[in-house]
Each structure stands twice: as C-alpha cells, then as structure tokens.
Amino acid sequence: MRAVIVPILHSEELALLAGDLTPVDLGAGHNEARDLVVRKGKADGREHAVAVFMDGRSVEFGGSHSDRLKVPEFENASGMVVVHHNHPLGDSLSRQDLLLLLTRATFRA
C-alpha cells in the first residue's frame, strides 16, 4: 500500500481552488499592504499587519507570533485607519479581531 501525501491547505487557498476568491482592487496603498502581510506571513508563518491612514501613510507592525497580533493605539491618527493583517494558520476572524472591531471602531451615521 502506498502512502498518499496530502498537502495542508489554508482556507484562502481552498477558496481560491474552488474559484470563489478573487483579489479585490482596494487601491494602490491597500493592495500593497495586503500583499505585504500575505507574503511575509507565508515566508515566516507569523501574523503581520499594515495600518493605512486616510492621508496615505502606513505603519507596519506584528511579526512576533503565529497566532496573535498586538495592534498599536494609533492615538495621533485622524480619520479612518484600515488595518490589513494575515492569518498564517488559515483561520478566519479570531475573537481578538472581533473585539478590535467592536472596541476600537467608530461608527458614524
């Protein structure tokens, strides 16, 4: 009997194979941020992030752990901050991601 080696695929790789994941054009700065965190995460298996500010500035952080990410406060930021980050273990939104969205997000009508 021959052993069959089956590669472990992450959720986004499975979605791509199924044809239901196509890259979205978010604009140059956001595309670069997204691609950077994915590339770094694939290279070292850790969570990385880039915060993109309204004025186009960006701040890179993370890279210390494979399963968590410490997000800075960005106290001097005015306006919206978009954080792009990867999940190298292939999981979806974590409890920490949801808490970040619920505790730091400002909703305006």
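Reading the values: the criteria
- Residues numbered from 1 in each chain as written.
- Predicted model: local features only at pLDDT ≥ 70, side-chain atom pairs only at ≥ 80, totals over all residues.
- Heavy atoms only, no water.
- Helix = DSSP H or I, 4+ residues; strand = E, 2+ residues; numbered from the N terminus.
- Expected span 1.5 Å × (residues − 1).
- Buried < 20%, exposed > 50% of the residue type's maximum accessible area, 1.4 Å probe, protein only.
- Contact = heavy atoms within 4.5 Å.
- Pairing = 2+ DSSP bridges.
- Axes fitted to C-alpha atoms, helices over the stretch in contact; angles between N-to-C directions.
- Salt bridge = Lys/Arg side-chain N within 4 Å of Asp/Glu carboxyl O.
- Phe/Tyr/Trp six-rings, centres within 6.5 Å; stacked < 30°, edge-to-face > 60°.
- Lys NZ or Arg CZ within 6 Å of the ring centre and 35° of its normal.
- pLDDT = per-residue confidence, 0-100.
- Core = buried A, V, L, I, M, F, W, Y, C linked by side-chain atoms within 4.5 Å.

Draft legend 1. Spotlight on helix α2 (residues 28–44). For α2, spanning 17 residues, the distance from its first C-alpha to its last is 24 Å, which sits close to the expected 24 Å at 1.5 Å a residue. Of the residues making up α2, those classed as buried are N31, A33, L36, V37 and G41. Where α2 is buried, its residues contact β1 (48–53), β2 (58–62) and β3 (81–85). Residue G45 follows α2 closely and has a positive phi angle near 70°.

Draft legend 2. Structural context of the sheet that holds β3. Pairing is antiparallel across the open sheet formed by 3 strands, whose spatial order is β2-β1-β3. The two strands at the open ends of the sheet, each matched to only one other strand, are β2 and β3. With strand direction ignored, the average angle separating the axes of adjacent strands in the sheet is 20°. In this sheet, β2 lies alongside β1 in antiparallel orientation, the contact comprising 5 bridges. Across the sheet, the residue bridging to V50 is E60, located in β2. Sheet strands in contact with α2 are β1, β2 and β3, and its direction is about 170° off that of β1.

Draft legend 3. Local environment of the pattern of salt bridges. All chains considered together, the criterion is met by 4 salt bridges. Two residues, D35 and R34, come together in a salt bridge whose shortest N-O distance is 3.2 Å. Linking R57 and D55 is a salt bridge whose minimum nitrogen-to-oxygen distance equals 2.8 Å. On the basis of relative accessible area, R57 is assigned to the partly exposed category, the value being 43%.

Draft legend 4. Representation of the packing of aromatic side chains within the structure. Counted according to the given criterion, the structure contains 0 aromatic pairs. Geometry around F53 places R57 over its ring, the cationic atom sitting 4.4 Å from the centre.

Draft legend 5. A look at the confidence of the model for the chain. Chain-level pLDDT for the chain is 78 on average; 72% of the residues reach the 70-or-more range. Taken element by element, the chain is modelled with least confidence in helix α1 (residues 11–18), mean pLDDT 62, and with most confidence in β2, mean pLDDT 93.

Draft legend 6. Region of interest: the nonpolar core. Listed in full, the 6 residues of the largest apolar core are A49, A51, F53, F61, V71 and F74. The greatest single-element share of this core, amounting to 3 residues, is contributed by β1. The next biggest cluster of nonpolar side chains, apart from the first, holds 5 residues, and it includes A33, V37, V50 and V52.

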